[in-house]
Amino acid sequence: MRRRVRNYIRLFLLLLIIANIIIVAINKSQAQTQEVEVVNLNNNNLEISYIDVGQADSALIRVNDKYVLIDAGSRESSNKLVDFLHSKGVTKFEYVVATHPHEDHIGGMKKIIDNFEIANFYMADVITTTKTFEDMLDAMADKKITFKTLNLLDSFNVDEANFVCLSSLSNNIINLNDASIVLKMDYLKTKYLFMADATDNVERNMLDYDLKSDVLKVAHHGSKYSTSAAFLSLVEPKYAIISVGKDNVYKLPSDQVLNRLYGSNIKVYRTDFDGTITVTSDGENIKITKEVN
Ligand SMILES: [Zn+2]
């Protein structure tokens, strides 16, 4: 009888220990869940890197944990670009956009296609016969990536970020710059305009749209053939970002454009002085940091 009682006590103690182990395990898993939520909360925002790729152009957009790449710089800067993207932890792009087939925008595209997974590839509705362009198409064929063109008012989204194409010239263009895919991105209450190398020919066709943006990626590396006063007065950006190479032979950005920007009290950032420029936002506030201070 006493033995039986002892066995009951043993069983009870054993159950108590098991219950304790289960409670500890549940608490631990809850703690882990909370940790994951905190990490996600920190990631739950927008980050745009206007990457210093010399006299070329490339911007990385992160929305939560998803990535978009607008242009891939030149071949010369392509290793630096790939290293930068790896340092950011990028393995896959939801969208890659080749705004127009000039070397300073698509020169690094072959390396991007070779090194990263790409879910959607957009390019301008033009073709050219340069080796750079053919290299890009060959790389896409090797990875079985098909491209789509983006036309006026075509749109796509990545989580809360909505992109709309505002470029309208795709036929009868003389200048490939005017084939540039122009994108406006709305992220909750904040707005961003990516002009690629569009000239004032394209700008004129955009004036009827809602252009107002917090951050303007200045067209064509700050060339005087873009960023007209009429256009700028509708965009009304707080910040302007110019992708431009140090001491470039084209002497960009032009003084006319710089004066226009400064004259409108717009804060100007440029990759030749500031290095890679990073814009972060929670959808309401915008913070800008520079690589070089
Ligand atoms: Zn360019």
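Residues numbered from 1 in each chain as written. Predicted model: local features only at pLDDT ≥ 70, side-chain atom pairs only at ≥ 80, totals over all residues. Heavy atoms only, no water.

A. How the structure looks around helix H5 (residues 131-142). Between its terminal C-alpha atoms H5 stretches 16 Å, which fits the 16 Å expected from 12 residues at 1.5 Å a residue. Considered for burial, the residues of H5 that qualify are Thr132, Phe133, Asp135, Met136, Ala139 and Met140. Looking down the long axis of H5, one finds its buried residues gathered within 160° of arc, a one-sided arrangement. When the buried face of H5 is taken as reference, the exposed residues oriented beyond 90 degrees from it are Lys131, Ala141 and Asp142. Following H5 by one or two positions, Lys144 has its phi on the positive side, about 55°. (Helix = DSSP H or I, 4+ residues; strand = E, 2+ residues; numbered from the N terminus. Expected span 1.5 Å × (residues − 1). Buried < 20%, exposed > 50% of the residue type's maximum accessible area, 1.4 Å probe, protein only. Arc of directions from axis to C-beta.)

B. Region of the structure containing empty space enclosed by the protein. Tallied over the entire structure, the rule returns two cavities of 30 Å³ or more. One number sums up the size of the largest cavity: a volume of about 60 Å³. Taken together, Asp57, Ala59, Ile70, Asp71, Thr99, Ile181, Phe194, Met195, Ala196 and Lys217 make up the lining of the largest cavity. Estimated volume of the second largest cavity: approximately 40 Å³. Lining the second largest cavity we find Ala98, His100, Pro101, Ile106, Met123, Ala124, Val126, Phe133 and Met136. Residues that form the lining of the second largest cavity fall into these classes: eight nonpolar, one polar and no charged. (1 Å grid on protein atoms, 1.4 Å probe; cavity = no way out; pocket = protein on both sides within 12 Å on 5 of 7 lines; lining within 4 Å. Points joined across faces, edges and corners; volume = space filled by probe spheres on them. Nonpolar A, V, L, I, M, F, W, Y, C, P; charged D, E, K, R; others polar.)

C. A look at unusual backbone geometry. Between Leu252 and Pro253 the backbone carries a cis peptide bond, its omega angle lying at 0°. Tracing the backbone through its elements, the reader meets Pro253 in the loop between strand S12 (239-242) and helix H8 (255-263). Positive phi values are uncommon outside glycine, yet Leu188 reaches one of about 50°. On the secondary structure map, Leu188 appears in the loop between strand S9 (183-187) and strand S10 (190-194).

D. Just the side chain of Ser243, in detail. As for its position among the elements, Ser243 is in the loop between S12 and H8. The class of Ser243 is buried, set by a relative accessible area of 4%. A distance of 2.7 Å separates the side chain of Ser243 from the backbone oxygen of Ala56, its partner in a polar contact. (Polar contact = N/O pair within 3.5 Å; in protein donor to acceptor, adjacent residues only side chain to side chain.)

E. Structural detail: the side chain of Asp178. Examined against the element boundaries, Asp178 turns out to sit in the loop between strand S8 (161-165) and S9. Put simply, Asp178 is tucked away with no salt bridge, and the nearest opposite charge, on Arg204, sits 7.5 Å away. A distance of 2.6 Å separates the side chain of Asp178 from the side chain of Thr199, its partner in a polar contact. (Lys, Arg positive; Asp, Glu negative; His and termini not counted. Salt bridge = Lys/Arg side-chain N within 4 Å of Asp/Glu carboxyl O.)

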